[in-house]
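Below are the chains, spelled out letter by letter.
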Amino acid sequence: MLRPLPAIPGTTLFDGVQAMKGYALNKMCYSFNSAANRDEFKRDENAYCARYGVSAEQREAIRRRDVLALIAAGGNVYYLAKLAGILGLDVQDLGAQQTGMTKDAFKAKLVAAGR
Amino acid sequence: MARIVGAITTSHIPAIGKAIARNLHEDPYWKPFFDGYPPVHRWLAKTRPDVAVVFYNDHGLNFFLDKMPTFALGAAPLYRNADEGWGIPTLPPFPGDPRLSWHLIERLVDAEFDITTCQEMLVDHAFTIPMALLWPGNGAWPVRTVPVCINTVQHPLPSALRCYSLGQAVGRAIESYPEDVRVVVIGTGGLSHQLDGERAGFINKAFDTQFMERLPGDPLWAARRSIAELVELTGTQGIELLMWLAARGALGGTAATVHSNYHIPISNTAAGLMLMERRAA
């Protein structure tokens, strides 16, 4: 049986449930290790998603560049990072989007954690 | 006989790769981070290890979810870095030490660590950036390497105690190697950070500080905790402290800190560095 992991606020642990849900999406993102595949995705996102069997929900999340929705749909942060790279988003952009902050406010929060 | 000369633990944040390539060592943002490393360079110049055994976690370069080993050990003559998809410079290949790798594999399986063995293995930034930090230059690596990869991509992760015990078994295996080689063990990753979810940007200075204080003398302080507790305390990626525990396990015995550095933030991460040596109890 699948055992739920202890809940941590604002956190989705990537477990077997997420791994099953996100397999096609993560497999597509893994393909972005190749520059030729990245270019192909950029040429036609929908065709590329279709080839990997990415679900309608996941495709909609990609269309909206919605990181939290991608995670909810089974995306794993390490593979999603490769998609974020194509979209020109760095980890502060991702952090700002997920926390609903501006990038500057998110960066200030990181600096404040050192005090 | 082989001898472990010390253990080094360091963060492996991708942005460091870009900062090295752009020579940003004196940049005000980067200086407090890079200034941590010269004492380690001097120590390495003095101890001159022949081999580095590196505990790290792959982030989707070599391994995908189709086959995800919990523990994987490299047994290749050469380890290549490759494009990870988001643009950090690729570093020159790293020489392996297949004879030592196979010795470790035999001893680990004897000790009931049923590891995955890899005669081909791409190494990602978690391996390459610490190497570039510890041996700066043009990728003329002065050590042979043995990569040991621990899964932090997909839960269930191995427990902290299991990672510490794996490290201990690796340490014993190194010290039973009949050749006269000097080995440095390296653990990469951490410290506290979280990239994903509404909790993104989580950093826990109080825990990191205590973790670094306790690691040499009381590694079980952290190793005894569950993965869920450690994720809560350090973030979804802060769990990379498993590599630090494995490296500390490999060092064995009683240890002392020779040098350390800690700086917040580098990218989204609390960056940590420790150099430990064994001490008589």
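Further up the page is the structure itself.
Residues numbered from 1 in each chain as written. Chains lettered and ligands numbered in written order. Predicted model: local features only at pLDDT ≥ 70, side-chain atom pairs only at ≥ 80, totals over all residues.

Asker: Can you lay out the overall build of chain B for me, pointing to particular residues and giving the numbers?
Answerer: When its secondary structure is counted, chain B shows 10 helices and 10 strands. In terms of C-alpha radius of gyration, chain B reaches 17 Å, essentially the compact-globule figure of 19 Å for 281 residues. For the C-alpha atoms alone, the extent of chain B along its principal axes is close to 45 × 45 × 40 Å. The 281 residues of chain B split such that 56% are buried. (Helix = DSSP H or I, 4+ residues; strand = E, 2+ residues; numbered from the N terminus. Rg over C-alpha atoms; globule rule 2.2 N^0.38 Å. Buried ≥ 20, exposed ≤ 12 C-beta atoms within 10 Å, placed from the backbone.)

Asker: Please give an account of the overall build of chain A that cites residues and values.
Answerer: Check the secondary structure of chain A and you find 9 helices and 0 strands. The helix and strand sequence of chain A, counted from the amino end, reads α-α-α-α-α-α-α-α-α. With respect to the three principal axes, the spread of C-alpha positions in chain A is 45 × 40 × 20 Å. By residue count, 39% of the 115 residues in chain A fall in the buried class. At a minimum sequence separation of 6, the contacts of chain A that also span at least 24 residues come to 56%. (Contact = placed C-beta atoms within 7 Å.)

Asker: Lay out the pairing of strand 3 (residues 71-74) of chain B in plain terms, naming residues and giving numbers.
Answerer: Residue and element names in this part refer to chain B. Side chains of strand 3 alternate between two faces, with Phe-71 and Leu-73 and Ala-72 and Gly-74 buried alike. Where strand 3 and strand 7 (residues 144-150) come together, 3 bridges link them in antiparallel fashion. The residue of strand 7 that forms the bridge with Ala-72 is Cys-149. Looking at chain direction, strand 3 and strand 6 (residues 116-118) are connected through 3 bridges and run parallel. When the sheet's bridge partners are listed, Leu-73 is paired in strand 6 with Thr-117. (Pairing = 2+ DSSP bridges.)

Asker: How would you sum up the interface of chain B and chain A? Please name residues and give values.
Answerer: Listed per partner, the contact involves 31 residues of chain B and 40 residues of chain A. Secondary structure elements with two or more residues in the side of chain B that touches chain A: helix 9 (227-234) and strand 9 (254-266) of chain B. A total of 3 residues in the side of chain B that touches chain A trace back to one element, the largest contributor, which is helix 9 of chain B. Tallied by class, residues from the side of chain B that touches chain A come to 13 nonpolar, 11 polar and 7 charged. (Nonpolar A, V, L, I, M, F, W, Y, C, P; charged D, E, K, R; others polar.)

Asker: Which residues make up the environment of Ala-19 of chain B, and what values go with them?
Answerer: Residues and elements named next belong to chain B. Secondary-structure assignment places Ala-19 in helix 1 (residues 14-21). A residue is classified by how many C-beta atoms lie within 10 Å of it, and Ala-19, with 21 of them, is buried. Along the primary structure Ala-19 and Phe-34 are separated by 15 residues, whereas in three dimensions their C-alpha atoms are 9.8 Å apart. If we skip the residues at most four places from it in the chain, Ala-19 touches Leu-24 and Trp-30.

Asker: Could you give an account of helix 1 of chain B, naming the residues involved and the relevant values?
Answerer: Residue and element names in this part refer to chain B. Pro-14, Ala-15, Ile-16, Gly-17 and Ala-19 are the residues of helix 1 that are buried. Those residues of helix 1 hidden inside the fold are in contact with helix 5 (125-134) and strand 9. Positive phi appears at Asn-23, one or two residues downstream of helix 1, with a value of about 55 degrees.

Asker: Kindly report on the nonpolar core, identifying the contributing residues and their values.
Answerer: Residue and element names in this part refer to chain B. Ranked by internal contacts, the top residues of the largest apolar core, which has 121 residues, are Val-53, Val-170, Val-185, Leu-245, Ala-246 and Ala-247. The element best represented in this core is helix 10 (residues 241-251), accounting for 9 residues. When neighbours within four sequence positions are excluded, Val-170 is seen to be in contact with Val-53, Leu-104, Leu-108, Val-148 and Ala-250. (Core = buried A, V, L, I, M, F, W, Y, C linked by C-beta atoms within 7 Å.)

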